[in-house]
Amino acid sequence: MEGLKKDVIRHVVSSLGSDYASKSAYNYYNALALAVRDRLIDNWIKTQRSYYDEKAKRVYYLSLEYLPGKSLMNNLHCLGIYETARKAMSDLGFSLEDLAEQEWDAGLGNGGLGRLASCFLDSMATLGIPGYGYGIRYDYGIFHQVIEDGKQVEQADNWMRVGNPWAYERGQHLFPVRFFGEVKNWTDEYGRLRHTWTAGDTVLAMPCDMLVPGWDNHHVINMRLWSARSDVEFDLDFFNTGNYLGAVEEKIFDEKISKVLYPSDQIEEGRELRLKQQYFFVTATIQDILRRFRKKHQDMTELPQSVAIQLNDTHPAIAIAELMRILLDEDLLDWEVAWDICVSTFAYTNHTILPEALETWPVSLLERMLPRHMQIIYEINARFLREVERVARSEDCGQLCHRDLDHLKQRVSLIQERPIKSVRMAHLAIIGSHSVNGVAALHTELLKARVFDDFQRLYPQKINNKTNGVTPRRWLWSANQPLSRLIASHIGTGFVRNLDELTQLEPLAADPAFREAWRAAKLENKQRLQAYIKRKLMRELHTEHLFDVHIKRIHEYKRQVLNLLHVVTAYNRLRHGQAADFTPRTVFFGGKAAPSYFMAKRIIHAINAVAATVNADSRVNDKLQVVYLPNYCVSQAERVIPATELSEQISTAGMEASGTGNMKFALNGALTIGTWDGATIEMAQAIGPELLFIFGMREDELVSLRQHGYNPMLYYHGDEELREALDMLRSDAFSPGQHGLFAPLVDNLLHGGDRFFVLADYRQYLGAQQDVGRLYLDQEEWTRRSILNAARMGFFSSDRAISQYAREIWDVAPMAGLQNGKGA
Ligand code: H53
């Protein structure tokens, strides 16, 4: 401990240039972070060296988004020096918790996809998998959300302003990134046509490394994020003629590439800068991968034995064309050889079946920005369509007539003709990869049967499932110390590394003393949340209420509106005196809406309007409260999830690819109210469906309802309570003086077809909520179920998911000889 204290003081003085006596929390947080980083860097260097020494096959995870959140507490726990640091900082006059508050969330992602990537890096580090995460170091991450007059207002997330003590910027290792220009043809000595791309513009990519430690194992992997740097400092011509601003203009323009994260989630924006971001990060990454590979290899055909590249969604799919370009134009390989290398190296994860989220890029844009890549994509397509024709004419598909074949080719082509001629990035990713995986069992089945059914017939082995998981280090151990300590005191700490060990809790569910201790841990977390809400929102929570939580991105398919209709109905029953047996509850909502997503923003407004009315109504507010948590982010989730008793997972069946929040809640002992969707299905199977509150129509039932003509008006007319709730929303009951403010929401349900079947599931949802309320009155039974939920969540560890990827997709083994023991 004395060593850590000395290091912290040294950093305050020599790294931060401050007086150690000044006692600024900001300085002491930074100094502590630097002292922790010092303890990681040796192991990071050793880890990197061991990959070369052991000729390890490496995994590269390419993702345009990561959501690491805060690093301090997690890193202290991984190093096993949390207690030491707590005491050291207390000796220096600080509470560790307060210092941790100084850190800004690294919000380099939108939601589930980015957070999954961060969980996966944590698991690779812990399992000893030789892995790297690659992405973009955005200067501005996901916007900061404030709620003003009930509405979402976006503010810039200037997380870099205060510096980032965790990152190493490597300004000396720059990689060139080219755009635009033209392609020249030439003939090589064997008479083969060759191509050279001469670029118009060049930008530089600078690596920033963030170290990702494994749990108690000395294995530290790298998250390498690229930052754009101009290759011109000043244009001296401008400078000399006195035009100073003109002289720096190009520099500013180039560096715009990594300026800001696109804040949309599952809505494609299709902007030129976004494509630039994708290519910028992909080419820098591929160059870096090949640089490392070429240190030990000359023969490019050995690449797939040394390198596995996982594409996180289609955002990095242009990597396939980029690797082809390098192999063809720089290494001068033949097409077939280059293509084999590519397909054996790449694998692709699909995260959505929502049509609006499937990326396409206009051919005209690609032709201009990446002319050689567009040529390569055309060639991939031509060869692929010939192959389709060959397979279709072979015995399996011999029945196909020409018309069907033409349709098949149109459906699977990399190029879509309408509404504008575009490249389908998912098709490029499927054709250019040896593995395509979905992220939960139902999702993968839907990929095979619906979205990519043609590809499933063409390549029956390619599509496979890897159900998502979450890291127990952050989402149980670090976020929920009261519960973790209780668990550890009964079954030891092995569960942090091997989550299946939680099954040892099962017999304890029958032990009244353990149940009481379990409840005490939950209450401690509820009180912590209560204190936080008081500080941030100046509101007093009732900790004896059932804490009912719906936090995630705001999206119509996630159906926050269904939850809101339940709140309004409960409010009406209480007002009308029809709810004598109502179980008091506080309903929490939280989440960000894409700034361009009108309906999602209006939903936020409606939630806040209902909250204001309900909370101000003294007839009901001792029994029902609604809280909107502004600026939902990773660190907020770490506070809220441990305090949650009811987890809302109520998406339209078939629409949530997996969900990972669902897992975090159950792991922390919340019971789930949910639909038969995504990974919630597998959770129900693992836990026992009777221990969750499952309701609503299943995916196949919805398909048939749609086919037979779904008429939301029937539900409106047939259900008095539903009608009352919708009419109130449409009137100015929640928006005094602003009649019609929420009419778009209601019209969308009643006259817009209710694409997400809110009305169809309303009555069943109410029934399930009633069951929830009733069970909550029986605290012993509730606690028993809570314990069993957590005990049966072992499968949903990201360690299990990563082990499956390593074995079944990457063919990568963990590093041998990792020492166990505290790393400090
Ligand atoms: O990815 C999560 C899933 C979740 C899904 C989410 C996601 C994004 O956050 C962004 C884009 C996208 O295509 C999918 O919605 O269901 O759990 C991780 O797989």
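From a predicted model like this one, the values you see are computed outputs, not experimental measurements.

Another point: the overall build of the chain. Counting its secondary structure elements, the chain contains 33 helices and 25 strands. The globule rule puts the C-alpha radius of gyration for 824 residues at 28 Å, and the 28 Å found for the chain is close to it. On the principal axes, the C-alpha backbone points of the chain span a range of 90 × 75 × 65 Å. Out of the 824 residues in the chain, the part that is buried amounts to 62%. Taking the 94 positively charged and 104 negatively charged side chains of the chain as two groups, their mean positions are separated by 2 Å.

Moving on, we come to the UniProt feature "modified residue: N6-(pyridoxal phosphate)lysine" (unreviewed entry) in the chain. Residues annotated in UniProt with the feature "modified residue: N6-(pyridoxal phosphate)lysine" (unreviewed entry) correspond here to Lys664. Here Lys664 lies in helix 25 (residues 661–667). Leaving out residues up to four positions away in the same chain, Lys664 has contacts with Arg115, Val470, Trp475 and Ile641.

What follows covers the nonpolar core. Residues Phe179, Phe280 and Trp810 are the most contacted members of the largest nonpolar core, which totals 150 residues. Looking at which element gives the most residues to this core, the answer is helix 2 (residues 25–53), with eleven residues. When near neighbours in sequence (up to four residues on either side) are disregarded, Phe179 contacts Trp197, Ala199, Gly200, Asp201, Val203, Ile257, Lys276, Tyr279, Phe280, Met369 and Leu370. In terms of nonpolar packing, the next biggest core, distinct from the first, is built from 68 residues, Ala570, Val610, Phe695 and Ala725 among them.

What follows concerns the packing of aromatic side chains. Overall, the coordinates contain 26 aromatic pairs when judged by the stated rule. For the ring pair Phe120 and Tyr805, a centre distance of 5.4 Å and an interplane angle of 65° mean the geometry is edge-to-face. You can see Phe120 sitting in helix 6 (residues 112–127) and its partner Tyr805 sitting in helix 33 (residues 798–810), a full 685 residues away along the chain. Phe120 sits in the buried class, given a relative accessible area of 0%. Seen from their ring centres, Phe384 and Phe455 are 6.1 Å apart, and the 10° between their planes marks the pair as stacked. In this pair, Phe384 is assigned in helix 14 (residues 371–393) and Phe455 in helix 18 (residues 453–458), connecting sequence segments 71 residues apart. Phe455 matches Phe384 in its accessibility class, with the two residues each being buried. Of the aromatic side chains, those joined through ring pairs into one cluster are Tyr51, Tyr60, Tyr132, Tyr134, Phe175 and Trp226. The ring of Trp475 has Lys664 lying over it, and the distance from NZ or CZ to the ring centre is 4.4 Å.

Along strand 22 (residues 624–629), six of the six residues are buried, which leaves the element largely enclosed by surrounding structure. Alternating positions in strand 22 separate into two faces, Leu624, Val626 and Tyr628 on one and Gln625, Val627 and Leu629 on the other, with burial throughout. Summarising the sheet, strand 21 (residues 585–590) and strand 22 pair through six bridges and their orientation is parallel. Across the sheet, Gly590 pairs through a bridge with Leu629, a residue of strand 22. Handedness of the crossover joining strand 21 and strand 22 through helix 23 (residues 598–616) is recorded here as right-handed.

So, about the layout of surface pockets. Considering only enclosed or pocket space, the second largest pocket measures out at about 680 Å³ in volume. As for the second largest pocket, its lining consists of 27 residues, of which Met73, Glu97, Ser478, Arg528 and Arg639 are closest to the centre. Among the elements of the structure, helix 3 (72–79), helix 4 (82–91), helix 5 (96–101), helix 19 (472–478), helix 20 (481–491), helix 21 (512–537) and helix 24 (634–640) are those that each provide at least two residues to the lining of the second largest pocket. The class makeup of the residues in the lining of the second largest pocket is six nonpolar, seven polar and 14 charged. Looking at which domains feed residues into the lining of the second largest pocket, each of domain 1 (1–53 + 81–103) and domain 3 (526–774) gives three or more.

Time to look at the site of the ligand. Gln266, Asp313, His351, Glu656 and Gly659 are the nearest of the 15 residues found near the ligand. At 2.9 Å, a side-chain N or O of Asn468 approaches an oxygen atom of the ligand. With respect to the ligand, the backbone of Ser658 contributes an N or O atom lying 3.1 Å from an oxygen atom. Taken by itself the ligand offers 430 Å² of open surface, and the protein chains cover 96% of this. Looking at the shell around the ligand residue by residue, the classes come out as five nonpolar, seven polar and three charged. Taken domain by domain, the makeup of the shell around the ligand includes at least three residues from each of domain 2 (54–70 + 105–467) and domain 3 (526–774).

On to empty space enclosed by the protein. For the structure on display, the rule yields six cavities of 30 Å³ or more. Space inside the largest cavity adds up to approximately 240 Å³. Looking at the largest cavity, it is lined by 16 residues, and the ones nearest its centre are Pro68, Ser71, Asn74, Val212 and Arg474. For the lining of the largest cavity, the elements supplying multiple residues, two or more each, are helix 3, helix 6 and strand 11 (201–213). Of the residues assigned to the lining of the largest cavity, the class counts are eight nonpolar, four polar and four charged. Put simply, the second largest cavity is a space of about 140 Å³. Around the second largest cavity, the lining comprises 16 residues; the ones closest to its centre are Tyr29, Glu103, Trp104, Gly163 and Pro165. Here the residues of the lining of the second largest cavity are counted per class, giving nine nonpolar, six polar and one charged. When residues are assigned to domains, the lining of the second largest cavity turns out to be shared by domain 1 (1–53 + 81–103) and domain 2 (54–70 + 105–467), each giving three or more.

Once that is clear, we can look at the pattern of salt bridges. Applying the stated criterion across every chain yields a total of 58 salt bridges. Across the salt bridge formed by Asp331 and Arg294, the nearest N and O atoms sit 2.9 Å from each other. Placement of Asp331 in the loop between helix 11 (318–330) and helix 12 (335–345) and of Arg294 in helix 9 (residues 272–294) is noted, with a sequence separation of 37 residues between them. Residue Arg383 pairs with Glu336 through a salt bridge whose shortest N-O separation is 3.2 Å.

With respect to topology, three strands assemble into an open sheet ordered 15-17-16, the strand pairing being antiparallel. Looking at strand neighbours, the two that pair on one side only are strand 15 (360–362) and strand 16 (415–416), the edges of this open sheet. The pairing of strand 15 with strand 17 (residues 422–424) spans three bridges and is classified as antiparallel. Bridge pairing in strand 17 places Thr360 opposite Arg424.

With that settled, the discussion passes to the domain arrangement of the chain. Domain assignment breaks the chain into domain 1 (1–53 + 81–103), domain 2 (54–70 + 105–467) and domain 3 (526–774). The gap between the C-alpha centroids of domain 2 and domain 3 is 36 Å. Seen at the junction of domain 2 and domain 3, the total is three salt bridges. Arg450 is the partner of Glu699 in a salt bridge, and the nearest nitrogen-oxygen pair spans 2.3 Å. Here domain 2 and domain 3 share 16 residue pairs in polar contact (both at pLDDT 80 or more) between them. Contributions of two or more residues to the side of domain 2 that touches domain 3 are made by strand 2 (66–69), helix 6, strand 5 (144–148), strand 6 (151–155) and helix 17 (441–451). Of the residues forming the side of domain 2 that touches domain 3, the biggest block, five residues, is contributed by helix 17. Its residues assigned to classes, the side of domain 2 that touches domain 3 comprises 16 nonpolar, 14 polar and ten charged.

Buried residues dominate helix 20, accounting for eight of its eleven residues. Three or more residues of helix 20 are buried, namely Gln481, Pro482, Leu483, Ser484, Leu486, Ile487, Ala488 and Ile491. Looking at the buried positions of helix 20, the neighbouring elements they touch are helix 3, helix 4, helix 19, helix 21 and helix 25. Regarding helix 20, its N-cap is Asn480, as a side-chain oxygen of that residue lies 3.2 Å from the backbone nitrogen of Leu483 further along. Count one or two residues on from helix 20 and you reach Gly492, which has phi positive near 80°.

How each quantity is defined
Residues numbered from 1 in each chain as written. Predicted model: local features only at pLDDT ≥ 70, side-chain atom pairs only at ≥ 80, totals over all residues. Heavy atoms only, no water. Helix = DSSP H or I, 4+ residues; strand = E, 2+ residues; numbered from the N terminus. Rg over C-alpha atoms; globule rule 2.2 N^0.38 Å. Buried < 20%, exposed > 50% of the residue type's maximum accessible area, 1.4 Å probe, protein only. Lys, Arg positive; Asp, Glu negative; His and termini not counted. Charge placed at Lys NZ, Arg CZ, Asp CG, Glu CD. UniProt positions renumbered as here; feature names shortened; annotations may be inferred. Contact = heavy atoms within 4.5 Å. Core = buried A, V, L, I, M, F, W, Y, C linked by side-chain atoms within 4.5 Å. Phe/Tyr/Trp six-rings, centres within 6.5 Å; stacked < 30°, edge-to-face > 60°. Lys NZ or Arg CZ within 6 Å of the ring centre and 35° of its normal. Pairing = 2+ DSSP bridges. Right-handed = clockwise from strand over helix to strand, strands pointing away. 1 Å grid on protein atoms, 1.4 Å probe; cavity = no way out; pocket = protein on both sides within 12 Å on 5 of 7 lines; lining within 4 Å. Points joined across faces, edges and corners; volume = space filled by probe spheres on them. Nonpolar A, V, L, I, M, F, W, Y, C, P; charged D, E, K, R; others polar. Domains from an automatic or database assignment. Near = heavy atom within 4 Å. Polar contact = N/O pair within 3.5 Å; in protein donor to acceptor, adjacent residues only side chain to side chain. Areas by Shrake-Rupley, 256 points an atom, 1.4 Å probe, with all protein chains shown as cover. Salt bridge = Lys/Arg side-chain N within 4 Å of Asp/Glu carboxyl O.

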